[in-house]
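An overview of the molecular structure
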Amino acid sequence: MYEVTATPASDKAAAGETVESVEGNAIRKRIPCPFDPTHTAWADDLKTHLYKCNARPRDNPAQFSLDVNISLPRPAAPVDDNTASGVASATATRTNRMARSDVLAALSKEQLLLLIKKIQDLHTKYVPEIRTLILDHPALDERKKIVKNIKHAHQQASLLGHMKRLHMLDDPTTCYVEFGAGRGELSNYLKIAVDDHGTATFILVDRTPSRNKFDSAILGLEDIKSLVKRHTMDIKDLVLAEVPELRRDYVEKKPVVAISKHLCGGATDLTLKCLTNFQQSEREKSPLPSPVKGILIALCCHQLCHHYMYPNQAFLKEIDISPEEFVYLTRMSSWAVCINQTKTEASSTASEDKEGSLANNDSSASSPVAGEDEHSVEADSALEELGSHIPTLDSQARERLGQQCKRLLDIGRVRYLKENGFDAELVYYVDKETSLENLALMAVPSRAE
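Thresholds, definitions, all that
Residues numbered from 1 in each chain as written. Predicted model: local features only at pLDDT ≥ 70, side-chain atom pairs only at ≥ 80, totals over all residues. Heavy atoms only, no water. Axes fitted to C-alpha atoms, helices over the stretch in contact; angles between N-to-C directions. Helix = DSSP H or I, 4+ residues; strand = E, 2+ residues; numbered from the N terminus. Parallel < 35°, antiparallel > 145°, perpendicular 65-115°, else oblique. Contact = heavy atoms within 4.5 Å. Nonpolar A, V, L, I, M, F, W, Y, C, P; charged D, E, K, R; others polar. Phe/Tyr/Trp six-rings, centres within 6.5 Å; stacked < 30°, edge-to-face > 60°. Lys NZ or Arg CZ within 6 Å of the ring centre and 35° of its normal. Buried < 20%, exposed > 50% of the residue type's maximum accessible area, 1.4 Å probe, protein only. Polar contact = N/O pair within 3.5 Å; in protein donor to acceptor, adjacent residues only side chain to side chain. Core = buried A, V, L, I, M, F, W, Y, C linked by side-chain atoms within 4.5 Å. Right-handed = clockwise from strand over helix to strand, strands pointing away. Pairing = 2+ DSSP bridges.

Moving on, we come to the packing of helix α4 (residues 109-126) against helix α11 (residues 323-333). Taken N-terminus to C-terminus, the directions of α4 and α11 make an angle of 80°; their axes are 12 Å apart at the nearest point. By the angle between their directions, the pair α4 and α11 is classed as roughly perpendicular. Here Leu112, Leu115, Lys118 and Ile119 of α4 lie close against α11, whose contacting residues are Glu325, Tyr328, Leu329 and Met332. For the contact of α4 with α11, the class distribution of residues is six nonpolar, no polar and two charged.

Okay, here's the thing in structure tokens:
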């Protein structure tokens, strides 16, 4: 069998072209899959492929309700759904970034300075001092011994330590819902920490299927297995009260604890809306004092937030942030984790001290601020161009401003949970050397309720 053309088949088919190959005396054609043109199928075997294709449309489950967790109607201008839950394809990310850069490019130097001062003043007024509390949990002790890069283990151990501190691990019959679960790794170690003997329920929510999942490990090794269920759907469409594992006619009502590490951008906002919708719908039906017993979300990627998804619209009105300014706010938040400015800073430091250059290089290779961190991002070109014309806006000032943008968005999330019956707080749960995105949102039912 040989290819008729030198162009890779997958590339040509993905571009909408037909690709031919010869097998014996027969000519076969590969064409883009009608369900998902990013992959291909043999034209003469298309029916079989469509039957097995993972991208084939499926009937919506009972817990599906289109855009139920979006705070405002979708804007008229199309926004790529690939970024709705913080999971973006490379093409979608580039398209989204270009659209936002066009908006930012319209800002003059004077407008940017006014916006910066506004953000700084709002941060001073609304954002309190945030404490650092790094904890640990023995559920990760064995993991730390066998992995070379233990940053994830340190993060998971601290998150579990905070769950213990907030009594989220006390009830072994709890239903734990991991949003943006991916492979379910956090739930796996949560299972060890709870030591539930099969009484807990674990629900894993993610919009895309994952390989090498931990689902079977979460079941446990005992005769009585934990109930583990994975739901592949977008958080924006999830009605938690209709999830079969939480319905009254399926199982006795259990308290819900929501967790995630790290939940990108708008996915956090959709999750908070999902949980408060569930709290409101179940409050009168459930015998529990609070259907949601706890929330713990390690935050990240504020640059992927969208105005129409943000749950605390009242807060945005209070601080006078318009939808257009919200875009500026989210774009500038990327400065907090921007690798461009840190690379420039590292290179200038090395050139100033040749004798210590080797040590500096070694340090930058192991430090997240040198671009090794999974949450570091490339700087927005339009913002970089604007920022470069302001002498006072050096790399440290940009990082500080990016953090202020992030914290403004986060304090609005805290206030939203407080308004919906929770005691909520922001905590730095690991240091910046472990992760640039080292802040977690934690909440438990208000004692005043």
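This next bit is on the packing of aromatic side chains. Across all of its chains, the model carries three aromatic pairs by this definition. Judged by centre distance (5.7 Å) and plane angle (90°), the rings of Tyr126 and Phe315 are edge-to-face. Taken together, the residues span a long stretch of sequence, with Tyr126 in helix α4 and Phe315 in helix α10 (residues 313-318) at a distance of 189 residues. One residue, Arg30, lies across the ring of Trp42, its end atom 4.7 Å from the ring centre.

The next point concerns the side chain of Arg28. Along the polypeptide, Arg28 turns up in strand β3 (residues 26-32). Residue Arg28 is classed as buried on the basis of its relative accessible area, which comes to 18%. Only 3.0 Å separates the side chain of Arg28 from the side chain of Asp44, close enough to count as a polar contact.

Okay, the nonpolar core next. Counting 67 residues, the largest nonpolar core has Phe179, Leu240, Met332 and Leu417 as its most contacted members. In terms of residue count, helix α15 (residues 395-419) provides more of this core than any other element does, nine residues in total. For Leu417, the contacting residues outside a window of four places in its chain are Leu272, Thr276, Ile295, Phe422, Ala424, Leu441 and Ala443. The next biggest cluster of nonpolar side chains, apart from the first, holds 33 residues, and it includes Leu160, Met168, Leu204 and Ile259.

In this section: the pairing of strand β5 (residues 175-179). Along a regular strand, successive side chains alternate from one face of the sheet to the other. A large share of β5 lies buried, amounting to five of its five residues. The alternating pattern of β5 places Cys175, Val177 and Phe179 and Tyr176 and Glu178 on opposite faces, both of which are buried. Each parallel crossover has a hand, and the one from β5 via helix α7 (residues 185-194) to strand β6 (residues 201-206) is right-handed. Sheet topology note: the β5/strand β8 (residues 256-264) ladder contains four bridges and is parallel. Among the inter-strand pairings, Cys175 is bridged to a residue of β8, identified as Val256.

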